[in-house]
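The lines below spell out each chain.
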Amino acid sequence: MGSSNDDVSDAFGAEAKDAEGADPAQRGFFGRIFRGKNADEGDDAPSRAKPQAAGGLTLPGMANLRKLRVDDVAIPKVEIVAVPLDIGKDDLVEAFRKSGYSRLPVYKGTLDHPQGLVLLKDLALLHGFGAAGRFNLRKMLRPILYAPPSMPLGVLLQKMQKDRVHMALVIDEYGGVDGLVTIEDLIETVIGEIEDEHDEAEGALWKEEKPGVYVVQPTAPLQEFEAAIGVRLRTDEDDEEIDTLGGLVFLRAGRVPARGEIVAHESGVEFEVVDADPRRLKRLKVRLPGAARAAAAAAVPAPAPKSEG
């Protein structure tokens, strides 16, 4: 990438000072509200704890722009969907289709050598709707921002607004890619989760996928779900303070578990995290004891037949 993490931090630090010292008309909407929110706080103002809901999850609020850092909201490197610079047009179309994203990072060789962003809109305008022409991904690349993990969210949000770039890669101390954050992630820390026309409708709080297996929203009331499955999930005093299924899973794991992780319950019930980000659970799969044992047995490969002689 050619620049160290210190270079990135210095550049963004200077950008933050310029944004704070600029005329209000030049700072933009988020710059003005971020400045106004903290106008009465000096550099030696006492640090406040992050606003949290029961279960340890961060609540939305304007204070998050100052109190949270980039690494508090970024998705980890292993979850980044990116494409190589030498990808073909058909494969790029498939990458957009499978991911459902409107922009993807482009790398050369490995993700630690990012080249920029490719937008679905650019691909469609240049090569869709029956358009002919030679495919050249390099000509479609747009700039991408880089941010150190310790950068305050408000500083990155102002940078995104000024440069009109809605995605940033988080760079570690060695200059490698450590995560990714979008402008939507930052805004959601202030106003809560944003759902657009591409998000799946939530519908019922849970549904039975097959006997003994349920797909459940983390916001499902725990008492009602217990009644539906006929299994008591509150087993100790701490559980009595939990109102939702997501809160129970968080309590058992001691953190926000990652996508694909399975959290076991002492009753024999298994909670599989179907969808999640670093801050919250989004969808769970619950297997009752019999179904959990069947899933475990199915995962064990059958022994190879012994050869005769």
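Just so it is clear, the structure is predicted and the values come from calculations on it, not from any experiment.

Asker: Requested: an account of the sheet that holds strand S1 (residues 75-76), with residues and values cited.
Answerer: Ordered by their spatial adjacency, 4 strands build an open sheet running S1-S7-S6-S5, and the pairing between neighbours is mixed. Each having just a single partner strand, S1 and strand S5 (145-147) make up the two edges of the open sheet. Against the sheet, helix H8 (residues 153-163) touches S5, strand S6 (167-171) and strand S7 (177-182), its axis set at about 170° to S5.

Asker: Can you lay out the pairing of strand S4 (residues 110-119) for me, pointing to particular residues and giving the numbers?
Answerer: Two elements, strand S3 (residues 103-108) and S4, share 6 bridges in a ladder whose sense is antiparallel. What sits directly across from valine 106, in S4, is glycine 116. Here S3 folds back onto S4 in antiparallel fashion, the turn holding 1 residue, of which glycine 109 has a positive phi close to 85°.

Asker: Which residues make up the packing of aromatic side chains, and what are the values?
Answerer: Enumeration according to the criterion identifies 2 aromatic pairs in this entry. Measuring from centroid to centroid gives 5.3 Å for tryptophan 206 and phenylalanine 225, while their planes differ by 70°, and the two rings are edge-to-face. Of this pair, tryptophan 206 sits in strand S8 (residues 206-210) while phenylalanine 225 sits in helix H10 (residues 222-229), placing them 19 residues apart in sequence. Classification of tryptophan 206 as partly exposed rests on a relative accessible area of 21%. Of the residues examined, phenylalanine 225 reaches a relative accessible area of 0% and is grouped as buried. Judged by centre distance (5.8 Å) and plane angle (85°), the rings of tyrosine 214 and phenylalanine 225 are edge-to-face.

Asker: Explain a negative patch on the surface residue by residue, including any values.
Answerer: Residues Asp236, Glu237, Asp238, Glu241 and Asp243 make up a contiguous surface patch of negative charge. Following the sequence through the fold, aspartate 236 ends up in the loop between H10 and helix H11 (245-253). Classification of aspartate 236 by relative accessible area gives partly exposed; the value is 36%.

Asker: Lay out helix H5 (residues 89-99) with the relevant residues and their values.
Answerer: Turning to H5, its buried residues number three or more, namely Leu92, Ala95, Phe96 and Ser99. Buried positions in H5, seen along its axis, are confined to an arc of 95° and lie on one side of it. The exposed set on the far side of H5, more than 90 degrees from its buried face, consists of Asp90, Arg97 and Lys98.

Asker: I'd love a proper account of the pattern of salt bridges, names of residues and values included.
Answerer: Tallied over the entire structure, the rule returns 13 salt bridges. Its salt-bridge partner being arginine 97, residue glutamate 94 comes within 2.5 Å of it at the nearest N-O pair. Here the residue glutamate 94 and the residue arginine 97 both occupy positions in helix H5, the gap between them amounting to 3 residues, near one helical turn. When the shortest N-O distance is used, the salt bridge between glutamate 209 and lysine 285 registers 3.2 Å. Of this pair, glutamate 209 sits in strand S8 while lysine 285 sits in strand S12 (residues 281-287), and the two are 76 residues apart along the sequence. On the basis of relative accessible area, lysine 285 is assigned to the buried category, the value being 18%. Each of Asp239, Arg252 and Glu266 takes part in salt bridges that share partners, so that together they form one network.

Asker: Give a detailed account of the pairing of S7, specifying residues and quantitative values.
Answerer: Of all 6 residues making up S7, 5 are buried, and the element is well covered by its neighbours. Bridge count for S1 against S7 is 2 bridges, and the pairing is antiparallel. Residue pairing for S7: isoleucine 75 is matched across the bridge by leucine 180. A loop of 5 residues connects S6 with S7, the two strands running antiparallel in sequence, and glycine 175 in this loop sits at a positive phi of about 85°.

Asker: Can you explain the side chain of aspartate 122? Please cite residues and give values.
Answerer: The residue aspartate 122 is located in helix H6 (residues 120-127) in this model. What makes aspartate 122 buried here is its relative accessible area of 12%. A polar contact is formed between the side chain of aspartate 122 and the side chain of arginine 142, at a distance of 2.6 Å. Not counting the four nearest positions on each side in its chain, aspartate 122 is found in contact with Met140 and Arg142.

Reading the values: the criteria
Residues numbered from 1 in each chain as written. Predicted model: local features only at pLDDT ≥ 70, side-chain atom pairs only at ≥ 80, totals over all residues. Heavy atoms only, no water. Pairing = 2+ DSSP bridges. Helix = DSSP H or I, 4+ residues; strand = E, 2+ residues; numbered from the N terminus. Contact = heavy atoms within 4.5 Å. Axes fitted to C-alpha atoms, helices over the stretch in contact; angles between N-to-C directions. Phe/Tyr/Trp six-rings, centres within 6.5 Å; stacked < 30°, edge-to-face > 60°. Buried < 20%, exposed > 50% of the residue type's maximum accessible area, 1.4 Å probe, protein only. Patch = residues over 30% accessible without salt bridge, like charges linked within 9 Å, V, L, I, M, F, W, Y side chains within 5 Å. Areas by Shrake-Rupley, 256 points an atom, 1.4 Å probe, with all protein chains shown as cover. Salt bridge = Lys/Arg side-chain N within 4 Å of Asp/Glu carboxyl O. Lys, Arg positive; Asp, Glu negative; His and termini not counted. Charge placed at Lys NZ, Arg CZ, Asp CG, Glu CD. Arc of directions from axis to C-beta. Polar contact = N/O pair within 3.5 Å; in protein donor to acceptor, adjacent residues only side chain to side chain.

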